[in-house]
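# Architecture and fold: a report
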Amino acid sequence: MPEPYVIDREQTKPIVNTCHADIITLKDVAFSYQSQQVIDKLSFSVQQRDFVGLIGSNGAGKTTLLRMIVGLLKPASGSISLFGTPASQFKDWHRIGYVPQKNSFNPLFPATVREVIMSGLYGRNKLFRRLTKADQIKADEAMHAMNIEDLALKKIGQLSGGQQQRVFLARALINNPELLILDEPTVGIDTETQAGFFHLIKHMHQHHRMTFLMVSHDMDMIQGYLGDKPARECGKLKFYVRHSHDLEDCGETNISHSLKNLRQVLEREKEGVTSWTS
Amino acid sequence: MDILTSEFFQRALIGGLLIGVTAPLLGLFLVLRRLSMIGDTLAHVSIAGVALGFLIGVYPIAVGLVFALAASFAIEKLRKAYKTYAELSIAIIMSGGVALASFLFTLGKGFNMTVTSYMFGSIYTLNNTDLIVIGVVTVVVLVLIRLHVKELFLLTFDEEAAAVNGLPVRYYNLMMSVLTALVISASIKIVGALLVSALLTIPAACSLVAARSFRQSVFTVVLVAEVAVIAGLLIAGVWNLAPGGTIVLLLIAILLLLLVGRVRFRISG
Ligand SMILES: [Zn+2]
Ligand SMILES: [Zn+2]
């Protein structure tokens, strides 16, 4: 594996390596719940093709930070830009996939796995548009990649926690986003499935044009892939970063680099496969 | 049997069929968002509007609609103020509506009888104006839901995901509030304010038992409501029973049948 490129992201220093553009730019971001200051003076940037692991103790503000980035919370002060646009004016939300820590839907909700996954497509650019054959194929590919085709017609509430997590991951992947934001994606999932999942996202980082920002408590996984030393610390938040310049292909197909190929490639690489097919 | 061919019965049937589509559709979204009490609340508030309409001599359903709209905006506002206690704001508005209605009743003692017909429904007194209002409401509701059904699905299933996808969540919530107020004020003369929430919520409850997908649940609620409305009107017409009450009892009967059927199915399967 090639060495990670930039891992020094001190905001005071000018960024030496400008090979890739900023996707997320945080400037002096602060947030507090009532009188409790959770995040203070946070400046950080995520570049395209970064894999950023975010670690911190309970109450360090990890989830708060992710929720600010996706626009669910407003920072008390400071600014957030996405793809170079101030977050308040940002419109291209289909470029971002977000998988929250827990999805608090009603377990009786009459929705199939397929319906939930398709809903990842319903954004501004789909307003007043009907779903097309291409959209259906995207859903098939996302389900195939997550190995949940068999569950397509099941009600979402009937699934196990791990299966639900894969559904929400598939929903985030259906737009083939450039930035994937994951909040503790493997909580409640057995270790085998976790291994398969990490393999999958590493593959996407290295061979697909996908940037990751992931909250995790799994130090082994974070340090194993992103190195022992955080690139930046702010309060109780620690950012581990790995930048990738690997070729953006999966080996066989250079053209139409879609999710469809993903599982075959994973199986060819023969790592973490068993858990996905079980 | 003469009643079935009479003009007032046919008007009742048309009105019932139209409301039988719109009320359960909106009810499905409300129930899935755990806002089933909103229908009841808006109905009680719009009764206050109806009473005021009689008092000042304005088309009562229109004043009822204005009241229902004001109440649904107030609920949205209060819902934000009491974030996790949505039902609290609903309770406040509901009691406010009932209080106002009873206050207005005592001001205009003469029309007590007519207002009662809005409480329990008086489908046989539907006039052409009422039918036109119900027809327009039905078209507006169906067009907007058809145009936005996938966005409304996401909003209902996962409001935060809808926001992250960049959907204008505030406008959708506003739209649903307005549509709910429209449907309720249009349907109180048919089933009555006290029973209107049954037409909103019981079909949705049936779909939670029977439907295996969101798509199916949309069709289920309309089917259940239409069966209850048509059968209810026929039964009430032939045996001279209260139409609103008959429709609601039929809805409950269908729900019970589905629940029993599911238990049976579970045992045998
Ligand atoms: Zn680079
Ligand atoms: Zn690939």
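Conventions we followed
- Residues numbered from 1 in each chain as written.
- Chains lettered and ligands numbered in written order.
- Predicted model: local features only at pLDDT ≥ 70, side-chain atom pairs only at ≥ 80, totals over all residues.
- Heavy atoms only, no water.
- UniProt positions renumbered as here; feature names shortened; annotations may be inferred.
- Helix = DSSP H or I, 4+ residues; strand = E, 2+ residues; numbered from the N terminus.
- Buried < 20%, exposed > 50% of the residue type's maximum accessible area, 1.4 Å probe, protein only.
- Contact = heavy atoms within 4.5 Å.
- Areas by Shrake-Rupley, 256 points an atom, 1.4 Å probe, with all protein chains shown as cover.
- Buried area = accessible area lost by both parts, 1.4 Å probe.
- Salt bridge = Lys/Arg side-chain N within 4 Å of Asp/Glu carboxyl O.
- Polar contact = N/O pair within 3.5 Å; in protein donor to acceptor, adjacent residues only side chain to side chain.
- Donors = N, O, S within 2.8 Å, 3.2 Å for Na, K, Ca; no water.
- Tetrahedral: all angles 85-135°; square planar, octahedral: opposite > 155°, others 65-115°.
- Core = buried A, V, L, I, M, F, W, Y, C linked by side-chain atoms within 4.5 Å.
- Pairing = 2+ DSSP bridges.
- Axes fitted to C-alpha atoms, helices over the stretch in contact; angles between N-to-C directions.

An unreviewed UniProt entry annotates chain B as Zinc transport system permease protein originating from Paenibacillus cellulosilyticus. The Sequence similarities (unreviewed entry) field of the UniProt record for chain B holds the comment "Belongs to the ABC-3 integral membrane protein family."

By the naming in an unreviewed UniProt entry, chain A is Zinc transport system ATP-binding protein, taken from Paenibacillus cellulosilyticus. Regarding chain A, the relevant UniProt record gives this comment under Sequence similarities (unreviewed entry): "Belongs to the ABC transporter superfamily."

### So, the overall build of chain A
When helices and strands are counted, chain A shows 8 helices and 10 strands. Looking at chain A as a whole, 55% of its 278 residues are labelled buried. Long-range pairs, those at least 24 residues apart, make up 72% of the contacts in chain A with a sequence separation of at least 6. Total accessible area on chain A is roughly 12,800 Å²; 50% of this is exposed by carbon and sulfur atoms.

### So, the interface of chain A and chain B
The interface of chain A with chain B comprises 32 residues on the first partner and 27 residues on the second. The junction of chain A with chain B conceals about 2,700 Å² of combined surface from both sides, 61% of it contributed by carbon and sulfur atoms. Our enumeration of links across chain A and chain B arrives at 2 salt bridges. The shortest N-O distance in the salt bridge between R171 of chain A and D158 of chain B comes to 3.0 Å. Here chain A and chain B share 12 residue pairs in polar contact (both at pLDDT 80 or more) between them. For the side of chain A that touches chain B, the secondary-structure elements that each account for two or more residues are helix 2 (113–118) and helix 4 (161–173) of chain A.

### Points about the coordination of the zinc ion (ligand 1)
All names here are of chain A. Coordination of the zinc ion (ligand 1) by the protein comes from C19 (SG), H20 (ND1), H243 (NE2) and H245 (NE2), over a distance range of 1.9 to 2.1 Å. If you look at the zinc ion (ligand 1), its 4 donor atoms make angles of 104 to 124° with each other, and the shape they trace is tetrahedral. Along the chain, the residues donating to the zinc ion (ligand 1) are arranged with the sequence spacing C-H-x222-H-x1-H. Of this pair, H20 sits in the segment before strand 1 (22–33) while H245 sits in the loop between strand 10 (237–243) and helix 7 (262–269), placing them 225 residues apart in sequence.

### Remarks on the nonpolar core
Membership of the largest hydrophobic core comes to 129 residues, with the highest contact counts inside it found for I117, I148, I156 and L182 of chain A together with L199 of chain B. Ranked by residues supplied to this core, first place goes to helix 9 (residues 169–191) of chain B with 13 residues. Sequence-distant contacts of I148 of chain A, defined by excluding residues within four places in its chain, comprise V113, I117, M143, R166, V167 and A170 of chain A.

### Thoughts on the pattern of salt bridges
Think of it this way: side chains of opposite charge can pair up when their charged atoms draw near. Residue and element names in this part refer to chain B. Using the criterion set out here, one finds 10 salt bridges over all chains in the structure. Residues K150 and E151 are paired through a salt bridge, measuring 3.1 Å at the closest nitrogen-oxygen approach. E151 shares its class with K150; the two are buried.

### Brief notes about unusual backbone geometry
Residues and elements named next belong to chain A. Of note in the backbone geometry, D28 takes a positive phi value of approximately 50° without being a glycine. Within the secondary structure, D28 sits in strand 1. You can call D28 partly exposed: its relative accessible area is 42%. Within the chain, F83 stands out as a residue other than glycine whose phi angle is a positive 50°. Mapped onto the elements, F83 comes out in the loop between strand 4 (77–82) and strand 5 (85–86).

### Re the environment of G135 of chain B
Along the chain, the position of G135 of chain B falls in helix 7 (residues 128–157). Taking the C-alpha atoms as reference, G135 of chain B lies 9.3 Å from A186 of chain B; in sequence the two are 51 residues apart.

### Quick look at the UniProt feature "transmembrane region" (unreviewed entry) in chain B
Here, the residues flagged by UniProt with the feature "transmembrane region" (unreviewed entry) are residues 12–32, 44–73, 85–111, 131–149, 170–188, 194–211, 218–239 and 245–265 of chain B. Taken as a whole, residues 12–32 of chain B contains 100% helix and 0% strand, while its terminal C-alpha atoms sit 29 Å from one another.

### With respect to the sheet that holds strand 8 (residues 211–215) of chain A
Residues and elements named next belong to chain A. The 6 strands lie next to each other as 6-7-8-3-10-9, forming an open sheet whose pairing is mixed. Strands at the two margins of the open sheet, each flanked by one partner only, are strand 6 (96–99) and strand 9 (232–234). If you compare each strand with its neighbour and ignore which way they point, the axes differ by 15° on average. Inspection of the sheet shows strand 7 (residues 179–183) paired to strand 8 by 5 bridges, in the parallel sense.

### Section: the pairing of strand 4 of chain A
Residue and element names in this part refer to chain A. Where strand 1 lies against strand 4, 5 bridges are found, and the strand directions are antiparallel. By the bridge assignment, I24 is partnered in strand 4 with L82. The sheet contact formed by strand 4 and strand 5 spans 2 bridges and is antiparallel. Across the sheet, the residue bridging to S81 is P86, located in strand 5. Taking the residues that link successive antiparallel strands as the turn, the strand 4-strand 5 hairpin has 2 residues, and the phi of F83 there is positive, at about 50°.

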